[in-house]
Amino acid sequence: MEAVGIICEYNPFHKGHIYHIEETKKMFPGRTLILVLNGYFLERGEISILSKENKTKLALIYGVDLIVELPFIFGTQSADIFADAAIKILNYLGCTNIVFGSESNNVQLLEQIALTQNTPEYNAKVKEFLDTGINYPTALAKALNIKENIFKPNDLLGISYIKAIKKNNCNIKPFTIKRTSDYHNTNEIKEIISASNIRNKLKLKQDISLYTSRKVVKLIEDITLNDFFPFIKYKIITDPDLSKFLTVDEGIENRLKEKINEAKNVEDFIKSIKTKRYTYNKICRMLIHILIGVPKDINKLASIEYVKILGFNKKGRAYLHDLKDSEIALFPIPNTLTYKYEILAANIYNLVSKNNIINFDKSNKPIFFD
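Thresholds, definitions, all that
Numbering of residues starts from 1 in each chain and follows the order in which that chain's sequence is written. Where local features are concerned, this predicted model is filtered to residues with pLDDT of at least 70; where side-chain atom pairs are given and counted, the filter is 80 or more; whole-chain, interface and lining totals use all residues. As a convention, hydrogens and water are excluded, and side-chain values are obtained from all of the structure's heavy atoms. Pairing between two strands requires that DSSP report at least two bridges joining them. Strands here mean DSSP runs of E at least two residues long; helices mean DSSP runs of H or I at least four residues long; both are numbered from the N terminus. Only C-alpha atoms enter the line fits that serve as axes; for helices the fit covers just the stretch in contact. Angles between N-to-C directions range over 0 to 180 degrees. Note on definitions: the grid is 1 Å and covers protein atoms alone; a cavity is a set of points where a 1.4 Å probe fits but cannot get out; a pocket is an open set with protein on both sides within 12 Å along at least five of seven lines; lining residues have an atom within 4 Å of a point. Grid points are joined across faces, edges and corners, and a volume is the space filled by probe spheres set on the points. In this count, Pro and Cys sit with the nonpolar residues alongside Ala, Val, Leu, Ile, Met, Phe, Trp and Tyr, while Asp, Glu, Lys and Arg are called charged and the others, Gly among them, polar. By definition in these notes, contact holds between two residues if any of their heavy atoms fall within 4.5 Å. What counts as a salt bridge is simple: a side-chain nitrogen of Lys or Arg found within 4 Å of a carboxyl oxygen of Asp or Glu. Burial classification: accessible surface area is computed with a 1.4 Å probe over protein chains only, and a residue below 20% of its type maximum counts as buried, one above 50% as exposed, and the rest as partly exposed.

Structural notes on the sheet that holds strand β5 (residues 173-178)
With respect to topology, 7 strands assemble into an open sheet ordered β5-β4-β1-β2-β3-β6-β7, the strand pairing being mixed. The outermost strands of the open sheet, each flanked by one partner alone, are β5 and β7 (367-369). With direction set aside, neighbouring strand axes in the sheet form an average angle of 20 degrees. Strand direction decides the pairing type here: strand β3 (residues 66-69) and strand β6 (residues 309-313), joined by 3 bridges, are antiparallel.

Structure follows, in C-alpha cells:
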C-alpha cells in the first residue's frame, strides 16, 4: 500500500483545504492520504482557533485517511525546521510523494532554488543582504538574482520541504497545486480565500460561512496571542534571563524588558519592538517560546522520537497495520522532550480555551472515523 502526504495547520479549516485534499486524491488515486498536522501554536507565531481534536475530526470527515501530529517544538519554528520535522515524519511513515500549495506552481523552479540554497556561498550572500536591513524574502531573491515575487508564503515553505527531502535523503517526490488565493490579501470575497483572510473577517465580526462549512464555524474559538498577554507579561517581568529562550537573540531581551510595561496588549508590544530584522511573525514565535519556556538549545536536544497518531479511518488503520514493524514508535513516549513540551503547550492553550482540550492530548487515544 502506497501513501501520499500533506502538511497543514488548518487555522481554520476552509474550502481551500478541501480542494487540496480532493486534488491530491485525484493526483494519486487509491493511495493512503496522510496528513502531518500542526497543533495549537503555529509556524508563523499564530494561535490555532480550532483545537487539535477538532482539526483531526474535520480532516477525517473530508477524506484524509491518517492524521499524525507535528510536535509543538518543531511546529513553532522557522520554515526550515518546521519542514524538516514534517518531512522526516512522512518519511518514517513511508510516503513517497508530498503535495503542497504553491503560488508559482512550478516545482522544477522550486527544486532549482532549493539546490542553490543548500550552498555555503548562497547562505553567506543572504546574511550579507539581511545585514543591510532588508527583509528575508527580499534577501533570498537578491542572493539568487531573481524576481522577488517567487518568494511568497507557500512557495517559501515548499522550498523548505524540498530542502528537507534532499538533506535527509528521503524517497519523497514533491508535487504542487496552484494556490488560488493570496495569503496577504484580506479583502478577497471569492469562495476560496486564505486562512488569514478568514481570521481577519472573524476579527471584523463578518460571516465566514461562504468560505468554510457550518461544522467549522461552530467549532471555532475566539483565541489570539493577545489572550496570553498577561502570562507573557508575567514571564518577561519576572524572569531575570530571557536570553535563555529560543529565538531571543541579539540583545532583544533588553528591549522586551524595557517596553513590556508600556504595552496595553500584545499588538502594542509587538509594534514597540518590531524592526526589519525582527519581523512580526518572528516576534510572535519568540513570545510563544517565552510563554512555553522553550530553551535556546532545544534543537540540539530534541529529535523526532516517535510519531503520534491523532486519527484514522479504515484505510488509514490498514496502512498502520502494514507499518507495525516501523523503525520509529507510533505512539507517544512520555519521558521524551517532545512529549513534555507537547503536554506543556496543551496545558497553556487550555488556560484560555472554552473547552477542556487537554483530555485529547493526555488520553493518547486516536480518533477512529468509520
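Having seen it, we continue.
A short note on empty space enclosed by the protein
Any empty space left between atoms is shown by rolling a water-sized probe over those atoms. Within this structure, the stated rule accounts for 2 cavities of 30 Å³ or more. Here the largest cavity defines a volume of roughly 680 Å³. What lines the largest cavity is a set of 34 residues, among which Cys8, His14, His17, Asn154 and Arg179 lie closest to the centre. Elements represented by at least two residues in the lining of the largest cavity include exactly β1 (3-8), α1 (15-27), β4 (97-102), α8 (153-167), β5 and α9 (195-203). The element that contributes the greatest number of residues to the lining of the largest cavity is α1, accounting for 4 residues. Per-class residue counts for the lining of the largest cavity are 16 nonpolar, 11 polar and 7 charged.

Remarks on the environment of leucine 60
On the secondary structure map, leucine 60 appears in helix α2 (residues 52-61). Distance in space between the C-alpha atoms of leucine 60 and serine 194 is 21 Å, their sequence separation being 134 residues. Each residue touching leucine 60, except ones within four places of it in the same chain, is listed here: Asp65, Ile67, Gly311, Phe312, Asn313, Ile367 and Phe369.

A look at the pattern of salt bridges
As enumerated under the stated definition, the model contains 16 salt bridges in all. Between lysine 52 and glutamate 69 there is a salt bridge; the shortest N-O distance is 2.7 Å. Of the two residues, lysine 52 is situated in helix α2 and glutamate 69 in strand β3; the sequence distance between them amounts to 17 residues. Residue class for lysine 52 comes out buried when judged on its relative accessible area of 1%. For glutamate 69, a relative accessible area of 2% gives the class buried. One salt bridge in this structure joins lysine 296 and aspartate 249, with 3.2 Å as the shortest N-O distance. Here lysine 296 is found in the loop between α14 (280-292) and α15 (298-301), whereas its partner aspartate 249 is found in the loop between α11 (229-238) and α12 (252-259), with 47 residues between them in sequence. The partly exposed category is assigned to aspartate 249, whose relative accessible area is 29%. Connected through shared salt-bridge partners, Lys52, Glu69, Glu342 and Asp361 make up one network.

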